[in-house]
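The residues making up each chain are set out below.
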Amino acid sequence: MASLDGFPGEALFNQGFCYTYDDVIFHPGFIDFAADQVDLSTRVSRNVSIRTPMVSSPMDTVTESDMAIAMAEAGGMGFLHYNMAMESQLEHAKIVKSHRPGYVANPAVLRPSATLRDLDELRAARGFSSVCISESGTCGSALLGLVTTRDAELVRDRNTLLSEVMTSVDDLVLGSTEKSAQENEQILLESKRGKLPIVDAKRYLIGLLTRATIKDRLNRPPSGVPSLDKHGRLLCGAAIGTRDADRVRAKYLADAGVDVIILDSSQGDSIYQLEMIKYLKNELPHVDVIAGNVVTQNQARRLLEAGADGLRVGMGSGSICTTQEVCAVGRGQATAVYKVGQIAKEFNVPIIADGGIQNSGHIVKALALGASVAMCGSMFSGTTEAPGQYFYQDGVRVKKYRGMGSLDAMKKGSDSRYLSESGHLKIAQGVSGTVRDKGSVKTMIPYLVHGVKQGFQDLGADSLTKAHQILASGTMTMEARTGAAQREGGIHDMHSYTKVPW
């Protein structure tokens, strides 16, 4: 009897067990290319492509406009959560779509009638030391001046109007929208100023460039080409629910330029999603719709036949999710991705592996098992761009992170994604907690991408397309790992060590 040197996916995932990412290990393939040559470009939905196969999760402690901007600038994409008023979500979408890559994301802007006390509150909330002054207190209106620390720090009366202490626009060095980001950078450096407001021909404030942002960019790996729509604006996704009010929300999001809408539910195989998909495809055919979450082929088929442009795969595998514990439903994430990927390819629709991602190796596994994109929540929580303020807990700098099924999130309205009515008892399917400060995703993503490329090189796949081809052909072989094998594959037999990811 011939010995088996590993199993193709079809054999491994049809044995009656469900596997997580850590349960599975791939066998190496033949290498005839460099890691830098690996092409990870992919589709996040039927009609939307990105260069970096990572997107941020629509969770209220992960993705608002700052995260969505950073993700798109890194070649990925962010999905705005909807655990907020429609007006707030629309404002975040407009900020992303109007942002110019290379400049400060969502700069601080106030009216001239605001006071130094208002500036103090803004500094405490967002950490800005300077603020642009415009006619309406927003970008897109006439620039009147700039208030920096030098202008404000020695003024004792904090009720003083900003118009009384600001440096007038006539005394500022200004950048122009008619110049490239590199040209405006040169203007800032030559002026020896700290801030460079960017204005259009009418002197309307469009953006802001600072010496700090230039230093930050120079001190991290290059991000590459950003993810842009056909109009040259950053790509942006957004989540909605399946209630009647969400139909109105979807229309306004589409009008704001959102490229992809996610139907956000922990269990997507429902009449509510089928009806919402049909409605959106009829009313907003130019906007791709991603349905889910699903973990089985039967779930996936119904949504795909209804017209879904993408699927979100995962149930109970997130670090803050307790769905499998509370409801006894779900599936190991590696098995879920493989099984749903098999049915999705029949419809030529990409899938998003959502949940269970803890490192670059998990991203490699998700993509190699059939996903087109890895969605990260826990991975990107605690970063500079994640919503919320840093605080110290037991001497450690942290941010809050919570599951959308936690009671804290449900109090703000997320119970709709668990098909729960407001008058019913609320049962938590997630937890709230804290995560350490992880720095900026702008630094994190280039290292994650290179780790994934090295993984693909070891697999012998020089592109995501090639990985899916060798998975389908059975050339890619793998095995399940015992607990001992998993321990051996990690760090062991050390008295002490420091684990530095990059």
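As the structure is a prediction and not an experimental result, all values here were calculated from the model.

What counts, and where the lines are drawn
- Residues numbered from 1 in each chain as written.
- Predicted model: local features only at pLDDT ≥ 70, side-chain atom pairs only at ≥ 80, totals over all residues.
- Heavy atoms only, no water.
- Buried < 20%, exposed > 50% of the residue type's maximum accessible area, 1.4 Å probe, protein only.
- Helix = DSSP H or I, 4+ residues; strand = E, 2+ residues; numbered from the N terminus.
- Arc of directions from axis to C-beta.
- Contact = heavy atoms within 4.5 Å.
- Patch = residues over 30% accessible without salt bridge, like charges linked within 9 Å, V, L, I, M, F, W, Y side chains within 5 Å.
- Areas by Shrake-Rupley, 256 points an atom, 1.4 Å probe, with all protein chains shown as cover.
- Salt bridge = Lys/Arg side-chain N within 4 Å of Asp/Glu carboxyl O.
- Pairing = 2+ DSSP bridges.
- Axes fitted to C-alpha atoms, helices over the stretch in contact; angles between N-to-C directions.
- Core = buried A, V, L, I, M, F, W, Y, C linked by side-chain atoms within 4.5 Å.

A. Layout of helix α11 (residues 297–306). Within α11, burial applies to Gln299, Ala300, Leu303, Leu304 and Ala306. All buried residues of α11 lie within an arc of 160° about the axis, which places them on one face of the element. Exposed and facing more than 90 degrees away from the buried side of α11 are Asn298 and Glu305. Buried residues in α11 make contact with α10 (271–283), β15 (288–294), β16 (310–313) and α13 (333–344). Where α11 terminates, the next one or two residues include Gly307, which has phi positive at roughly 115°.

B. Main features of the environment of Ala35. The topology assignment puts Ala35 in the loop between β1 (24–26) and β2 (42–43). On the basis of relative accessibility, which here comes to 11%, the residue Ala35 falls in the buried class. For the pair Ala35 and Ala461, spaced 426 residues apart in sequence, the C-alpha to C-alpha distance is 9.8 Å. If near-sequence neighbours (up to four positions away) are discounted, Ala35 is found in contact with His450, Lys453, Gln454 and Gln457.

C. How the structure looks around a nonpolar patch on the surface. A cluster of nonpolar residues, Ile491, Met494 and Tyr497, forms a patch on the protein surface that exposes about 320 Å² of accessible area. Among the structural elements, Ile491 can be located in the segment after α18 (483–488). Look at Ile491 and you get partly exposed, because its relative accessible area is 44%.

D. Representation of the sheet that holds strand β21 (residues 432–436) within the structure. Strand order in the open sheet formed by 3 strands is β19-β20-β21, with antiparallel pairing between adjacent strands. The outermost strands of the open sheet, each flanked by one partner alone, are β19 (391–393) and β21. Averaged over all pairs of adjacent strands, the angle between strand axes in this sheet comes to 60°, irrespective of strand direction. Taken together, the 3 bridges between β19 and strand β20 (residues 396–402) define a ladder with antiparallel strand orientation. Along β20, the bridge assignment pairs Gln393 with Val396.

E. Here's a closer look at the pattern of salt bridges. Enumeration according to the criterion identifies 19 salt bridges in this entry. The partner of Asp120 in a salt bridge is Arg158, with the nearest N and O atoms 2.8 Å apart. Of this pair, Asp120 sits in helix α4 (residues 116–126) while Arg158 sits in the loop between α5 (149–152) and α6 (162–165), and the two are 38 residues apart along the sequence. Note on Asp120: relative accessible area 25%, which makes it partly exposed. By relative accessible area, which is 16% here, Arg158 ends up buried. One salt bridge in this structure joins Arg249 and Asp246, with 3.9 Å as the shortest N-O distance. Taken together, the residues span about one helical turn, with Arg249 and Asp246 both in helix α9 (residues 244–255) at a distance of 3 residues.

F. The nonpolar core, seen in detail. Residues Phe13, Leu280, Leu311, Phe380, Phe456 and Met478 are the most contacted members of the largest nonpolar core, which totals 96 residues. Top contributing element to this core by residue count: helix α16 (residues 441–459), with 8 residues. The next biggest cluster of nonpolar side chains, apart from the first, holds 15 residues, and it includes Val55, Leu235, Ala239 and Val373.

G. The arrangement of the pairing of strand β12 (residues 205–210) in detail. Buried residues dominate β12, accounting for 5 of its 6 residues. The pairing of strand β11 (residues 195–199) with β12 spans 5 bridges and is classified as antiparallel. Residue pairing across strands places Leu196 opposite Leu209, the latter belonging to β12. Counting the residues between successive antiparallel strands, the hairpin from β11 to β12 contains 5 residues, one of them, Arg203, with a positive phi of roughly 65°.

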